[in-house]
Amino acid sequence: MDRETMVAAEGVRKRFGRTEVLKGIDLKVRAGEVCCVLGPSGSGKSTFLRCVNHLEKINGGRLWVNGRLVGYRHRGDRLYEMREHEIAAQRREIGMVFQRFNLFPHMTALENVIEGPVQVKREPVERARRHGLELLDRVGLADRADAYPGHLSGGQQQRVAIARSLAMRPELMLFDEPTSALDPELVGEVLEVMRDLARDGMTMIVVTHEIGFAREVADHLVFMDGGVVVEEGDPTAVLDSPRQERTRAFLSKVL
Ligand code: ADP
Ligand code: MG
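Residues numbered from 1 in each chain as written. Chains lettered and ligands numbered in written order. Predicted model: local features only at pLDDT ≥ 70, side-chain atom pairs only at ≥ 80, totals over all residues. Heavy atoms only, no water.

Labelled according to an unreviewed UniProt entry, the protein chain appears under the name Amino acid ABC transporter ATP-binding protein, originating from Nocardiopsis lambiniae. Looking at the protein chain in UniProt, the text filed under Sequence similarities (unreviewed entry) is "Belongs to the ABC transporter superfamily." Per UniProt, the comment on the protein chain under Subcellular location (unreviewed entry) is "Cell membrane". (UniProt positions renumbered as here; feature names shortened; annotations may be inferred.)

We now examine the environment of Pro178. Its location among the elements puts Pro178 in the loop between strand E9 (172–176) and helix H6 (184–199). A sequence separation of 72 residues divides Pro178 from Phe250, and the C-alpha atoms of the two residues are 20 Å apart. Apart from the residues lying within four places of it in its own chain, the contact partners of Pro178 are Val97, Phe98, Gln99, Gln158, Met194 and Val207. (Helix = DSSP H or I, 4+ residues; strand = E, 2+ residues; numbered from the N terminus. Contact = heavy atoms within 4.5 Å.)

Turning to the pattern of salt bridges, a few remarks are in order. Throughout the structure, instances matching the rule amount to 18 salt bridges. For the salt bridge of Glu56 with Arg50, the shortest nitrogen-to-oxygen distance reads 3.2 Å. Residue Arg50 is classed as partly exposed on the basis of its relative accessible area of 29%. Taking the shortest distance from any N to any O, the salt bridge between Arg195 and Glu216 comes out at 3.0 Å. Within this pair, whereas Arg195 is found in helix H6, its partner Glu216 is found in helix H7 (residues 211–217), the two being separated by 21 residues in sequence. Ionic contacts of the salt-bridge type, sharing partners, join the residues Glu192, Arg195, Arg199 and Glu216 into one network. (Salt bridge = Lys/Arg side-chain N within 4 Å of Asp/Glu carboxyl O. Buried < 20%, exposed > 50% of the residue type's maximum accessible area, 1.4 Å probe, protein only.)

On to the sheet that holds E9. Taken in spatial order, the six strands of this open sheet run E8-E9-E10-E3-E11-E12, and their pairing is mixed. Each edge of the open sheet carries a strand with a single partner, namely strand E8 (94–97) and strand E12 (228–233). Recorded for the sheet is a direction-independent mean angle of 20° between the axes of neighbouring strands. Alignment of E9 against strand E10 (residues 203–207), held across five bridges, turns out to be parallel. Along E10, the bridge assignment pairs Leu172 with Thr203. (Pairing = 2+ DSSP bridges. Axes fitted to C-alpha atoms, helices over the stretch in contact; angles between N-to-C directions.)

This is the structure we're talking about:
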């Protein structure tokens, strides 16, 4: 795998019991690229992100993230399954933001942001705080560092969740419908933070139903259905002149 490729999936398969949810996903995401993933509910989008983030183990195919085969390591020319602590180290290179923000309710915004760096990475508290405040500033919440999640709006909580992921200095950010749980008037502020991250060169895979965002920000658009990538390419091309009937049918419902 070349250095420009951040994620490469080749024939990735995943089943739960007898149900095959991913039926051979082929996908490449280059470093610095924003890849938006669209597709109907149940098409396997979240499962794919969870495989990239080591939350699910694949049943077939190969998956590379940041130059390494997920879940395996080389020794000489042999492959070994990774141990838990090795998996944990690989996962630290990846940030993930979910539909639900899952902040610790008994911790302030800043405490939520520095928890990972201090507890997992053993960063000195002062350094973590400085970086945490920078990140809160970056997501427009410098003045809410001491607020508890219960006193923040959904959009603000999601921005804290993004800052918390960034605090681990990830190489890759995964977003799984980050605005789907928000009231409509709060969606824009979260998308604005994501747009800013994209401009800054962060590699991102974003599962979203926000077609406008995908059109404007994505370098690469992927349409998934039934556990496969049905169509992909330049966002404008896929959105304005989809080649596949399934893509057309989906877009006619959401546009
Ligand atoms: P999407 O994110 O595109 O809506 P998902 O990846 O969440 O789709 O789910 C794809 C399919 O896999 C769905 O039918 C879902 O019910 C099933 N699925 C997801 N996770 C599990 C699981 N842990 N156990 C069993 N089935 C699952
Ligand atoms: Mg999903």
